[in-house]
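Coordinate inspection notes
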Amino acid sequence: MLKGINPYTQEEIYSFKSITSAEVNHKIEAAQNVFKTWRRTSFNERASLMLQLSNHLKKNATDLASIITKEIGKPISQSIAEIEKCAWVCEYYAENAEVQLQQKNITTDAQSSYVSYEPLGVILAVMPWNYPFWQVFRFLAPNLMAGNVGLLKHASNVQLSARAIEECLRLVGFPESCFQNLQISSQKVEEAIKHQHVKAVTLTGSEKAGQAVASQAGQALKKSVLELGGNNALVVFDDCNLEATVKTCVQARFQNNGQSCIAGKRLLIQDSIYDDFIAELITQVKDLKEGHPQGTDTYISVMAREDLAEELEEQLNTSVIKGAKIRLGGKRNQAFFEPCLVENVTSEMPIFQEETFGPVLAITRFSKANEAVELVNGSKFGLGVSVFTENDKLINDLIPQFEDGAVFVNELVKSDPRLPFGGTKRSGYGRELSDEGILEFVNKKTVYIK
Ligand SMILES: O=CCCCC(=O)O
């Protein structure tokens, strides 16, 4: 059974049965059939549908956002922003896919030689609950524009979002089966990956889910893209603009109730600015408006599930036993977890080593730039890092030293349809978004005409 529980009210909002293996096969066959015609549609036809989808999202943003808020407790203003970002990625690929996939002529001894970029076919997307629309649109916009067709295996607690996305595509006129929701639990993913018509799989989720899907895809010799966890550091140097930096760090850690792979989870502060920075940080975190997720001015609300809040509490408690000091918050009440600042954090503690998927900020001091680099790279994850300084020379020195997939200067790590998104080390492989993302699931076909 796939169950949805509103984390704020603790009420059950749905209980759906998984579809059967025969139904999964039927959907995959339907996807393969529509692929044969969809791949031959022009970029103009696809772009026109994608723009209609974008408009539909914008027009229905509040209703769609309410689904997210009900399912995972995300504050409504942030859910609306999520829907608007989905509209943006649809527009971006509607406008850019044709150029991104343009044939590339290469001079050789042939009369003509080139690379063409052709769709692979049915692509399976296994997606998490924390951005239930955005994570899916980040996959579907480039892939449908490339001529692929999509199957979605969404998290069990966001099945209303999954259905709503499928319905949005149907309403604006995408061909039937171009994008289908597979209402299944994780146990059935392997069957789908093995199916002869499924050509590749993309997963956003935990390390454990990534290992399972990557090995199943490997067994079947199918390509996979993995976007896994992160433990991003926010590195603050003493010449930063203090107030603005604190504001950015607060947003980096506490938006989406702290539940994001790219959240700034570890705050590294240079000694000489430490006390002033902490004082301003406490002020700004205390100012965050807590409340009902449907409240238009709420910034912090419940986490998506009580068991996730319990897990976070466990990581925090173990770190405290090892010497970490809670400076603010950290109390849990069912799925609600007070925004928490923790000092004296060392690299031996769970809140430094592991991903914390909730509103806990782990704080460590450093003195020299090379210490900061060591702390940043000391993580097994490599999604992104933010550096705050006004010193251009320092910035240029540091950028090549970080092992992460992204370095943001004086800004939080965020995804943007125009920029590649993805990690290194245990944060996964492959890239989403931009031209890099659309090129992941295409056949880069070499053509040589003598
Ligand atoms: O858990 C990952 C969240 C990614 C959010 C984004 O793409 O902005």
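Residues numbered from 1 in each chain as written. Predicted model: local features only at pLDDT ≥ 70, side-chain atom pairs only at ≥ 80, totals over all residues. Heavy atoms only, no water.

The protein chain has the name Succinate-semialdehyde dehydrogenase / glutarate-semialdehyde dehydrogenase in an unreviewed UniProt entry, where Psychroflexus salarius is given as its organism.

**With respect to the sheet that holds strand β16 (residues 360-366)**
Taken together, the seven strands give an open sheet; going across it, the order is β12-β15-β16-β11-β10-β18-β19, and neighbouring strands pair in mixed fashion. Edge positions in the sheet fall to β12 (325-328) and β19 (407-409), since each has one partner strand and no second. Taken over all neighbouring pairs, the strand axes of this sheet differ in orientation by 25° on average, direction set aside. As paired strands, strand β15 (residues 340-343) and β16 are joined by three bridges and run parallel to one another. (Pairing = 2+ DSSP bridges. Helix = DSSP H or I, 4+ residues; strand = E, 2+ residues; numbered from the N terminus. Axes fitted to C-alpha atoms, helices over the stretch in contact; angles between N-to-C directions.)

**Brief notes about the packing of helix α2 (residues 43-59) against helix α5 (residues 134-145)**
Two elements in contact, α2 and α5, have axes whose closest approach is 9 Å; the angle formed by their N-to-C orientations is 155°. Accordingly, the angle class assigned to the pair α2 and α5 is roughly antiparallel. Note on element contacts: α5 touches α2 through Phe137, Leu140, Ala141, Leu144 and Met145, opposite Phe43, Arg46, Ala47, Met50, Leu53 and Leu57. For the contact of α2 with α5, the residue count by class is 10 nonpolar, no polar and one charged. (Parallel < 35°, antiparallel > 145°, perpendicular 65-115°, else oblique. Contact = heavy atoms within 4.5 Å. Nonpolar A, V, L, I, M, F, W, Y, C, P; charged D, E, K, R; others polar.)

**Considering the domain arrangement of the protein chain**
How large an interface is tends to be reported as the accessible area lost when its parts come together. Examined at the domain level, the protein chain breaks down into domain 1 (2-228 + 427-449) and domain 2 (232-416). Computed over C-alpha atoms only, the centres of domain 1 and domain 2 are separated by 30 Å. Contacts between domain 1 and domain 2 engage 26 residues on the former and 32 residues on the latter. In this assembly, domain 1 packs against domain 2 so that about 2400 Å² is buried in total across both faces, 51% of it on carbon and sulfur atoms. Among the residues domain 1 hides against domain 2, the three largest losses belong to Tyr8, Trp129 and Ser427. Together they make up 23% of the total. The tally of links from domain 1 across to domain 2 stands at one salt bridge. (Domains from an automatic or database assignment. Buried area = accessible area lost by both parts, 1.4 Å probe. Salt bridge = Lys/Arg side-chain N within 4 Å of Asp/Glu carboxyl O.)

**With respect to the site of the ligand**
Taken together, Lys85, Asn130, Tyr131, Trp134, Gln135, Arg138, Ser260, Cys261, Ile262, Ser415 and Phe421 are the residues near the ligand. Separating an oxygen atom of the ligand from a side-chain N or O atom of Asn130 is a distance of 2.8 Å. Taking 270 Å² as the accessible area of the ligand by itself, protein coverage stands at 95%. More than half of the atoms belonging to the ligand lie within 2 Å of the grid points that define the second largest pocket. Partitioning the shell around the ligand into residue classes produces five nonpolar, four polar and two charged. Taken domain by domain, the shell around the ligand gets at least three of its residues from each of domain 1 (2-228 + 427-449) and domain 2 (232-416). (Near = heavy atom within 4 Å. Polar contact = N/O pair within 3.5 Å; in protein donor to acceptor, adjacent residues only side chain to side chain. Areas by Shrake-Rupley, 256 points an atom, 1.4 Å probe, with all protein chains shown as cover. 1 Å grid on protein atoms, 1.4 Å probe; cavity = no way out; pocket = protein on both sides within 12 Å on 5 of 7 lines; lining within 4 Å. Sits in = over half its atoms within 2 Å of the grid points.)

**Observations regarding the pattern of salt bridges**
Per the stated rule, a full pass over the model turns up 23 salt bridges. Between Lys380 and Glu207 there is a salt bridge, with its nearest N and O atoms 3.3 Å apart. Here Lys380, found in the loop between α13 (369-377) and β17 (381-382), pairs with Glu207, found in helix α8 (residues 207-219); they are 173 residues apart in sequence, far enough to count as distant. Here Arg332 and Glu313 are joined by a salt bridge, their closest N and O atoms 2.8 Å apart.

**A look at the nonpolar core**
Core analysis: the largest hydrophobic core is formed by 118 residues, its most contacted members being Leu53, Leu124, Phe137 and Leu140. Both of domain 1 (2-228 + 427-449) and domain 2 (232-416) provide at least three residues apiece to this core. Those residues in contact with Leu124 that lie beyond four places of it in its chain are Leu151, Lys153, Leu182, Val189, Ala192, Ile193, Val198, Ala200, Val201 and Thr202. Val250, Phe254, Leu288 and Leu412 belong to the second-largest nonpolar core, a separate cluster that totals 25 residues. (Core = buried A, V, L, I, M, F, W, Y, C linked by side-chain atoms within 4.5 Å. Buried < 20%, exposed > 50% of the residue type's maximum accessible area, 1.4 Å probe, protein only.)

**Description of the confidence of the model for the protein chain**
For the protein chain, the average pLDDT comes to 98, and 100% of its residues sit at 70 or higher. Reported confidence for the predicted complex is 0.96 by ipTM and 0.97 by pTM. (pLDDT = per-residue confidence, 0-100.)

**Observations regarding the UniProt feature "domain: Aldehyde dehydrogenase" (unreviewed entry) in the protein chain**
On the UniProt side, "domain: Aldehyde dehydrogenase" (unreviewed entry) is annotated at positions that read residues 4-447 here. Annotation note: span residues 4-447, helix share 41%, strand share 21%, distance between end C-alpha atoms 50 Å. (UniProt positions renumbered as here; feature names shortened; annotations may be inferred.)

**Brief notes about the packing of helix α4 (residues 76-100) against α5**
Their axes nearest at 9 Å, the elements α4 and α5 cross at an angle of 15°. By the criterion of interaxial angle, the relationship of α4 to α5 is roughly parallel. Here α4 and α5 pass one another in a crossing that is right-handed. On α5, the residues that touch Glu82, Lys85, Cys86, Val89, Cys90, Tyr93, Ala94 and Ala97 of α4 are Trp134, Phe137, Ala141, Pro142 and Met145. When its residues are assigned to classes, the contact of α4 with α5 shows 11 nonpolar, no polar and two charged. (Left-handed = near helix turned anticlockwise from the far one by under 90°.)

**Considering the packing of aromatic side chains**
For any pair of aromatic rings, the description rests on two quantities: the centre-to-centre distance and the angle between the ring planes. For the structure on display, the rule yields six aromatic pairs. Ring centres 4.6 Å apart and planes at 15° place the aromatic pair Tyr14 and Phe16 in the stacked group. Each member of the pair, Tyr14 as well as Phe16, is classed as buried. The side chain of Arg365 reaches across the aromatic face of Tyr274, ending 3.8 Å from its centre. (Phe/Tyr/Trp six-rings, centres within 6.5 Å; stacked < 30°, edge-to-face > 60°. Lys NZ or Arg CZ within 6 Å of the ring centre and 35° of its normal.)

**Some words on the layout of surface pockets**
When its volume is computed, the largest pocket comes out at roughly 1200 Å³. Lining the largest pocket are 38 residues, and of these Trp129, Gly205, Ser206, Glu207 and Ala209 lie nearest its centre. Counting only elements with at least two residues in the lining of the largest pocket, the list comes to β8 (198-204), α8 and α11 (306-321). It is α8 that contributes the most residues to the lining of the largest pocket, six residues altogether. (Points joined across faces, edges and corners; volume = space filled by probe spheres on them.)

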